[in-house]
Amino acid sequence: MPRVIITVPEKNAQPYRFSLDRKSVSIGRGSENDIVIDSGSVSVKHAEMRRVEGGYELADVGSTNGIKHHSDRHDRITLFSGISLRLGDVSFDFTLTDEEIEVIAREKPPGEAPFREEIVSAIPEQGDPKPKPRDKPAPALAPQPSEVGIGIILIFLLLAAAAFFTGLSIRHQKETGESLIKAIVNKEDRAEKAAPAVEKLEK
């Protein structure tokens, strides 16, 4: 028999068992439900556990705080043995025996694994403009560590070269009273003027 354990905060856990041929089980705070939960976070008519082909599902029937799996709210959740959900602040744990899993597995189409984790019909939290996506978006590509390291080295080398040239320029100006850049330009001019004279000597 499928087993449901309801745990209200600061109260003892309450187990419930149902036969496999039971078509639906109502859950809520109201006394007319099959499972009555004494918690203010649970609506009068909160959820319904339904027997469907190949297993069970838990459906929200218009509750205020909804049913959640891993903190995400859903309209309907496919149940598998060992799943743990929350109805408001209340824990809902669902288990099946090995024999029950085998019986239900025979109802599944060939090749489909019985009772895999399958969450369906995600709905937004109150105030959210859109439903939460089932899959998280891929993170933005970050620079690879090697690229970052090469960039830092290049920047360091450029800064070191600039500092070296600045120090050399200051030292040259103190010793000669002339700018280093101006001295380099003058040296190139003298070399260009001397070149034709060298050519004539060679002839």
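Throughout this document, residue positions are counted from 1 along each chain, in the order its sequence is written. Given that this is a predicted model, residues contribute local features only at a pLDDT of at least 70 and side-chain atom pairs are listed and counted only at 80 or more, while totals for whole chains, interfaces and linings are drawn from all residues. Side-chain calculation: all heavy atoms of the structure are included, whereas hydrogens and water are not.

### What to know about unusual backbone geometry
If a residue is not glycine, its phi is most likely negative; likewise, a peptide bond is most likely trans.
At step 1: Although it is not a glycine, His70 sits at a positive phi angle of roughly 55 degrees.
At step 2: Tracing the chain through its elements places His70 in the loop between strand S7 (67–69) and strand S8 (72–79).
At step 3: In this structure His70 comes out as exposed when scored by relative accessible area, which is 63%.
At step 4: Here Ser71, not a glycine, exhibits a phi torsion of approximately 75 degrees, which is positive.
At step 5: Helix numbers and strand numbers start at the N terminus; a helix is a DSSP run of H or I with at least 4 residues, a strand a run of E with at least 2. Counting through the fold element by element, Ser71 comes out in the loop between S7 and S8.
At step 6: Burial classes follow relative accessibility: with a 1.4 Å probe on protein chains only, a residue under 20% of its type's maximum area counts as buried, one over 50% as exposed, and anything between as partly exposed. What makes Ser71 exposed here is its relative accessible area of 60%.

### Thoughts on the environment of Ile5
At step 1: Here Ile5 is to be found in strand S1 (residues 3–7).
At step 2: Distance from Ile5 to Phe94, taken between C-alpha atoms, is 6.7 Å for residues 89 residues apart in sequence.
At step 3: If sequence neighbours within four positions are ignored, Ile5 has contacts with Ala13, Gln14, Pro15, Ser91, Phe92 and Asp93. By definition in these notes, contact holds between two residues if any of their heavy atoms fall within 4.5 Å.

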